[in-house]
Amino acid sequence: MDMTKFRQCFEDERSGASVRQRMREASDLGIDGTPMFLVGIRKPGSSTIKALRMIEGGYPYDVFKATLETLIATQE
């Protein structure tokens with residue numbers, strides 16, 4: 001990541017305000033780091049997604065697979 005460009009973007013009033021707003025939204029949801037993955041469901045015809053699990057950190061494929069399989073089993 002080019003930190004100079006990142007700082008310029010963050011300090012720019014227009015783009016910085018957008019980034020800070022999204023950071024506040026993430027913080028309100030309990031997201032305080034990256035990577036963060038939200039796994040959820042969307043009812044047919046709805047544009048809203050209900051987050052069911054948060055996976056915080058860089059985990060191997062097996063963790064994601066087990067999470068998805070568990071959620072699918074509970075939805076059937």
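Every value quoted in this text rests on a predicted model; they were computed, and no experiment measured them.

Some details on the overall build of the chain
Regarding its fold elements, the chain presents three helices and two strands. Along the chain, helices and strands appear, N-terminal first, in the series α-α-β-β-α. In terms of overall dimensions, the chain has C-alpha extents of about 50 × 30 × 20 Å along its principal axes. Contacts spanning at least 24 positions in sequence make up 15% of the contacts within the chain whose residues lie at least 6 apart. Counting every atom, the chain has about 6,500 Å² of accessible surface; 55% of that belongs to carbon and sulfur. The averaged location of the 11 negative side-chain charges in the chain is 5 Å from the averaged location of its 11 positive side-chain charges.

Structural notes on the pairing of strand β2 (residues 49-56)
As defined by bridge partners, strand β1 (residues 36-42) adjoins β2 across seven bridges and the pair is classed as antiparallel. Bridge pairing in β2 links L38 to M54. Between β1 and β2, which pair antiparallel in sequence order, lie six residues; one of them, G45, sits at a positive phi of approximately 85°.

Let's talk about the environment of P35
Position of P35 relative to the elements: it lies in the loop between α2 (13-28) and β1. Overall, the relative accessible area of 34% leaves P35 in the partly exposed class. Separated by 13 residues in sequence, P35 and R22 have C-alpha atoms that sit 15 Å apart. Contact partners of P35, with chain neighbours within four places excluded, come to I55, E56, G57 and G58.

Observations concerning the packing of aromatic side chains
Under the defined criterion, the tally for this structure stands at one aromatic pair. Taking the centre distance of 5.0 Å and the plane angle of 90° together, the rings of F37 and F64 count as edge-to-face. Taken together, the residues span a long stretch of sequence, with F37 in strand β1 and F64 in helix α3 (residues 61-75) at a distance of 27 residues. Of the residues examined, F37 reaches a relative accessible area of 36% and is grouped as partly exposed.

Points about the packing of helix α1 (residues 3-11) against α2
The N-to-C vectors of α1 and α2 enclose an angle of 90°; their axes lie 5 Å apart at closest approach. The orientation of α1 relative to α2 falls into the category roughly perpendicular. Where α1 approaches α2, its residues C9, F10 and E11 are matched on the opposing element by E13, S15, G16, V19, R20 and M23. Residue composition of the contact of α1 with α2, grouped by class: four nonpolar, two polar and three charged.

Topic: the confidence of the model for the chain
When pLDDT is averaged across the chain, the result is 87; 99% of the residues are at 70 or more. By mean pLDDT, the top-scoring element of the chain is α3 (90), and the lowest-scoring one is α1 (85).

So, how was this worked out
Residues numbered from 1 in each chain as written. Predicted model: local features only at pLDDT ≥ 70, side-chain atom pairs only at ≥ 80, totals over all residues. Heavy atoms only, no water. Helix = DSSP H or I, 4+ residues; strand = E, 2+ residues; numbered from the N terminus. Contact = heavy atoms within 4.5 Å. Areas by Shrake-Rupley, 256 points an atom, 1.4 Å probe, with all protein chains shown as cover. Lys, Arg positive; Asp, Glu negative; His and termini not counted. Charge placed at Lys NZ, Arg CZ, Asp CG, Glu CD. Pairing = 2+ DSSP bridges. Buried < 20%, exposed > 50% of the residue type's maximum accessible area, 1.4 Å probe, protein only. Phe/Tyr/Trp six-rings, centres within 6.5 Å; stacked < 30°, edge-to-face > 60°. Axes fitted to C-alpha atoms, helices over the stretch in contact; angles between N-to-C directions. Parallel < 35°, antiparallel > 145°, perpendicular 65-115°, else oblique. Nonpolar A, V, L, I, M, F, W, Y, C, P; charged D, E, K, R; others polar. pLDDT = per-residue confidence, 0-100.

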